[in-house]
Amino acid sequence: MFMWSRAARAEPPPSCPMHSSKTREKEKESCPVAKSQSAEAMMAMAKSGQEKEKLNSSNQMPEVSQRPMEGQRRRLSTYRVESTIPKGEYQPSHQLEGKETWTYPSPQQFYNAMKRKGYTPNEADMNQVVAIHNTVNEKTWEKVMEWESLHLNKCPNPRLEKFSGKANDLSSKARIMTWLGYTAPFDRHDWVVDRCGTKVRYIIDFYTGTPMAGMPISMHLDVRPAPDSAGAVMDHVRMMGRSLRQWIFG
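Quick notes on the rules
Residues numbered from 1 in each chain as written. Predicted model: local features only at pLDDT ≥ 70, side-chain atom pairs only at ≥ 80, totals over all residues. Heavy atoms only, no water. Helix = DSSP H or I, 4+ residues; strand = E, 2+ residues; numbered from the N terminus. Buried < 20%, exposed > 50% of the residue type's maximum accessible area, 1.4 Å probe, protein only. Contact = heavy atoms within 4.5 Å. Areas by Shrake-Rupley, 256 points an atom, 1.4 Å probe, with all protein chains shown as cover. Salt bridge = Lys/Arg side-chain N within 4 Å of Asp/Glu carboxyl O. Pairing = 2+ DSSP bridges. Disulfide = S-S within 2.5 Å. Polar contact = N/O pair within 3.5 Å; in protein donor to acceptor, adjacent residues only side chain to side chain. pLDDT = per-residue confidence, 0-100. Axes fitted to C-alpha atoms, helices over the stretch in contact; angles between N-to-C directions. Core = buried A, V, L, I, M, F, W, Y, C linked by side-chain atoms within 4.5 Å.

> When you look at the overall build of the protein in this model, what are you seeing that I'm missing?
Looking only at helices and strands, the protein has five helices and eight strands in total. Overall, the protein shows an N-to-C arrangement of helices and strands of α-β-β-β-β-α-α-β-α-β-β-β-α. The 250 residues of the protein split such that 48% are buried. Look at the contacts in the protein between residues 6 or more apart in sequence, and 61% of them connect residues 24 or more apart. A total accessible area of about 13400 Å² is found for the protein, and carbon and sulfur atoms account for 53% of it.

> In this structure, what is going on with the pattern of salt bridges? I would like to understand it.
Pairing between side chains of opposite charge can happen when the charged atoms of each approach one another. A full pass over the atoms with the stated rule returns 16 salt bridges. For Glu-82, the salt bridge is made with Lys-99, and the minimal N-O distance between the two is 2.8 Å. Residue Glu-82 is located in strand 3 (residues 82-86), and its partner Lys-99 is located in the loop between strand 3 and strand 4 (101-103); the two are separated by 17 residues in the primary sequence. The closest approach of N and O atoms between Asp-222 and Lys-173, which form a salt bridge, is 2.9 Å. With Asp-222 in strand 8 (residues 219-225) and Lys-173 in helix 4 (residues 172-179), this pair connects stretches of sequence that are 49 residues apart. The network of salt bridges with common partners includes Lys-166, Asp-169, Arg-188, Asp-190, Arg-201 and Asp-228.

> How do you make sense of the pairing of strand 5 (residues 159-165) when you look at a structure like this?
A regular strand carries its side chains on alternate faces of the sheet. With five of its seven residues buried, strand 5 lies for the most part within the structure. The sheet contact formed by strand 5 and strand 6 (residues 187-195) spans six bridges and is antiparallel. Paired with Phe-163 across the two strands is Trp-191, which belongs to strand 6.

> Would you mind going over the environment of Glu-146 with me for this structure?
Within the secondary structure layout, Glu-146 lies in helix 3 (residues 126-148). Assessed through its relative accessible area of 41%, Glu-146 is described here as partly exposed. Residues Glu-146 and Met-239, 93 residues apart in the sequence, show an inter-C-alpha distance of 9.2 Å.

> Honestly, the state of the cysteines in this entry has me stumped. Any pointers?
Simply put, disulfide is the name for a covalent bond between the sulfur atoms of two cysteines. Across all of its chains, the model carries one disulfide by this definition. Each sulfur of the disulfide joining Cys-155 and Cys-196 lies 2.1 Å from the other. Between Cys-155 and Cys-196 the sulfur-sulfur dihedral comes to about 80°; the bridge is accordingly right-handed. With Cys-155 in the loop between helix 3 and strand 5 and Cys-196 in the loop between strand 6 and strand 7 (198-208), this residue pair connects regions lying 41 residues apart in the sequence.

> Looking at this model, I keep getting lost on the side chain of Glu-148. Mind explaining?
Structurally, Glu-148 can be placed in helix 3. Taking relative accessible area as the criterion, Glu-148 reaches 0% and is therefore assigned buried. A distance of 2.5 Å separates polar atoms of two side chains, one belonging to Glu-148 and the other to Tyr-202. Non-local contacts of Glu-148, meaning those with residues more than four positions away in its chain, are made with Pro-158, Val-193, Arg-195 and Tyr-202.

> What should I look at first to understand the confidence of the model for the protein in this one?
If pLDDT is low for a region, its predicted coordinates should not be looked at in detail. Taken as a whole, the protein shows an average pLDDT of 77; of its residues, 72% reach a score of 70 or greater. Ranking the helices and strands of the protein by mean pLDDT puts strand 6 first, with 96, and helix 1 (residues 39-43) last, with 31.

> Would you take a moment to explain the sheet that holds strand 7 for this structure?
Where strands meet in a sheet, backbone hydrogen bonds hold them as pairs that are either parallel or antiparallel. Strand order in the open sheet formed by four strands is 5-6-7-8, and the pairing between neighbours is antiparallel. Edge strands, defined here as strands with exactly one partner in the open sheet, are strand 5 and strand 8. For this sheet, the mean inter-axis angle between neighbouring strands, taken without regard to orientation, is 25°. Helix-sheet contacts for helix 3 involve strand 5, strand 6, strand 7 and strand 8, and the interaxial angle to strand 6 is about 50°.

> Quick question: what am I supposed to make of the side chain of Arg-224 here?
Looking at the element boundaries, Arg-224 is found in strand 8. Of note is the side chain of Arg-224, whose polar atom sits 2.9 Å from the side chain of Asp-205.

> It is not clear to me how the nonpolar core should be interpreted in this structure. Could you clarify?
Looking at soluble globular proteins, one finds that nonpolar side chains tend to be buried together. Ile-85, Trp-141, Val-144, Leu-160, Trp-191, Tyr-202 and Ile-204 are the most contacted members of the largest nonpolar core, which totals 23 residues. Among the secondary structure elements, those contributing two or more residues to this core are helix 3, strand 5, strand 6, strand 7 and strand 8. The element best represented in this core is helix 3, accounting for five residues. Judged by nonpolar contacts, the second largest core, of nine residues, contains Met-69, Tyr-119, Met-126 and Val-129.

What follows is the structure, encoded as structure tokens:
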């Protein structure tokens, strides 16, 4: 889940391969923000003394425990930050009841999830990793809201219903871009937004950006509604017209 429009102003953990365009090919990097919660990865849960946890069928994420992992050397925070992203009617078990917005995982939960997926996370990095993860999700929602602004007259308060990671499933646009010689995205998420009763699927492709001075992490997010309905296609046309007007008239 991520992005800063073009770049992030945060220093990544030393082991985080944020600058590499070959992230999809690397083996078990210890940085989680370059990977999605794919079903295949989550099925490969660690079994060293840990209980086997069920996957949430809506997003292929496990119900992550707050308990320290076996062999963990330092205590990690179990505090969970509340996002500004409104939550839909669906209530996954990893979310806190009675909350109007989504709640982010704690450093301990993030660490546990990484260990189960086979990563070797550095405990000292977890606070920073979670902060990056949370900020990227907030920026992603801002991008979604740019599209939803086309419908604010009919639905002023859209909500995020659910999400899923699809790192191994290239979107049609990303596939075409790779045919044209562009680098493939290192991750993909699909978000389902509840537009006052209408469910709208968004595709988010994450690309490694060009590092710039003072911005050690550089990512680009391509956020758009999936073109799976006439309304979504029309939104693409309207957004193109808006961008063209801004380019012409400033």
